[in-house]
Amino acid sequence: MDREILLKARGVSKSFGAVRVLHEVSFDVHRGEVLGILGPNGAGKTTLFNMISGDMRASGGEIQLGDTALRGEPPFRRCKMGIGRTYQIPRPYSGMTTFENLLVAAAFGGGRSEKKSYAFCAQVLRDCELSDKANVSAGALTLIDRKRLELARALASDPKLLLLDEIAGGLTDDESKALVALVRRIRDRGITIVWIEHVLHALMAVADRLLVLNFGEKIAEGVPTEVIALPEVQRVYMGIEA
Ligand SMILES: Nc1ncnc2c1ncn2[C@@H]1O[C@H](COP(=O)(O)OP(=O)(O)OP(=O)(O)O)[C@@H](O)[C@H]1O
């Protein structure tokens with residue numbers, strides 16, 4: 001695998017008042033990989049995404065995309081720099097059609113003429129198997145299609161780095177397999193992915209490496225099969241006493 005570092009996080013911390021939710025978390029994301037993030041509820045996973053996307057300001061530490069420090073950059077600038085993300089609670093414009101939602105996201109990511117945006121969004125729709133829902137109002141989509149749309153919206157901003165926040169929950173086995181196949185296709189197109197997911201088998205099917213958080217601290221990082229076999233990971237994540 002190419003070991004070039006696309007995202008570098010060093011000592012990232014976040015507190016809400018006296019409550020510390022992330023403590024000195026450091027890791028690298030290599031270009032072209034899928035890094036899975038595991039951790040029990042409240043471990044700080046989404047907060048970590050908020051630090052990367054700029055939705056929240058870190059209390060300490062540094063994050064770099066390539067050679068560029070992200071400190072002080074607002075979310076829309078980070079999006080234009082190539083960071084796309086999904087949200088645990090999807091945020092489509094429900095009154096707009098699927099295609100219109102993508103056009104808005106593409107305009108936010110920027111850099112394309114209107115004509116090129118149309119062609120690009122049509123391609124993203126095809127990739128995400130949503131072409132036949134292009135003119136359906138986002139509010140009327142089924143769960144799997146809402147998840148596809150959330151992913152498609154992030155892709156429409158043309159990211160180098162895609163942050164996926166729990167997109168596999170609540171799906172049937174077949175739907176979750178289809179989602180895993182889609183994540184693989186996105187990775188194969190050269191987009192680097194960080195995926196927070198509780199659905200372990202989905203994550204294990206595609207992640208190149210895993211990082212585990214517990215109480216805001218990194219407790220493990222490495223090859224997925226080795227990481228999930230660690231006694232501490234078994235204890236905190238799977239509730240298994242070693
Ligand atoms: N805006 C906020 N104000 C205060 N506390 C917050 C805020 N956002 C998150 N927290 C707290 O920070 C901790 C970490 O939350 P976070 O959502 O990052 O966890 P998570 O690992 O993503 O959990 P889950 O798997 O349940 O989504 C939790 O205790 C949460 O209550």
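Each chain has its residues counted from 1, following the order in which its sequence is written. The predicted origin of the model limits local features to residues at a pLDDT of at least 70 and limits the giving and counting of side-chain atom pairs to 80 or more, whereas totals for whole chains, interfaces and linings rest on all residues. No hydrogens and no water enter the side-chain calculation; it runs on all heavy atoms of the structure.

- In the annotation of an unreviewed UniProt entry, the entry for the protein reads ABC transporter, and the organism field reads Mesorhizobium amorphae CCNWGS0123.

As for the sheet that holds strand β7 (residues 161-165)
Hydrogen bonding along the main chain pairs the strands of a sheet, whether they run parallel or antiparallel.
Next, step 1: The six strands are arranged β6-β7-β8-β3-β9-β10 in an open sheet whose pairing can be described as mixed. Each end of this open sheet is capped by a strand with a single partner; those strands are β6 (83-85) and β10 (217-222). Neighbour-to-neighbour, the strand axes of the sheet open up by a mean angle of 20 degrees, direction not taken into account.
Next, step 2: In terms of strand pairing, β6 meets β7 through three bridges, oriented parallel. Each residue of the ladder has a partner; that of Ile83, found in β7, is Leu161.
Next, step 3: Any two residues whose heavy atoms approach within 4.5 Å at even a single point are treated as in contact. Comment: axis = line fitted to C-alpha atoms, over the contacting stretch for helices; angle = value between 0 and 180 degrees taken between N-to-C directions. Numbered from the N terminus, helices here are DSSP runs of H or I no shorter than four residues, and strands are runs of E no shorter than two. Packed on one face of the sheet, helix α1 (residues 45-53) meets β3 (34-38), β6, β7, β8 (192-196) and β9 (209-214) and runs near 150 degrees to β7.
Next, step 4: Against the sheet, helix α5 (residues 143-156) engages β6 and β7, with an angle of about 160 degrees to β7. Think of it this way: DSSP has to see at least two bridges between two strands before they count as a pair.

A look at the sheet that holds strand β4 (residues 60-65)
Next, step 1: Sheet architecture is open: four strands sit in the order β2-β1-β4-β5, paired in antiparallel fashion. Unpaired on one side and paired on the other, β2 (19-30) and β5 (68-69) mark the two borders of the sheet.
Next, step 2: In the sheet, strand β1 (residues 5-16) pairs with β4 via five bridges, with the strands oriented antiparallel. For Lys8, the partnering residue across the bridge sits in β4 and is Gln64.

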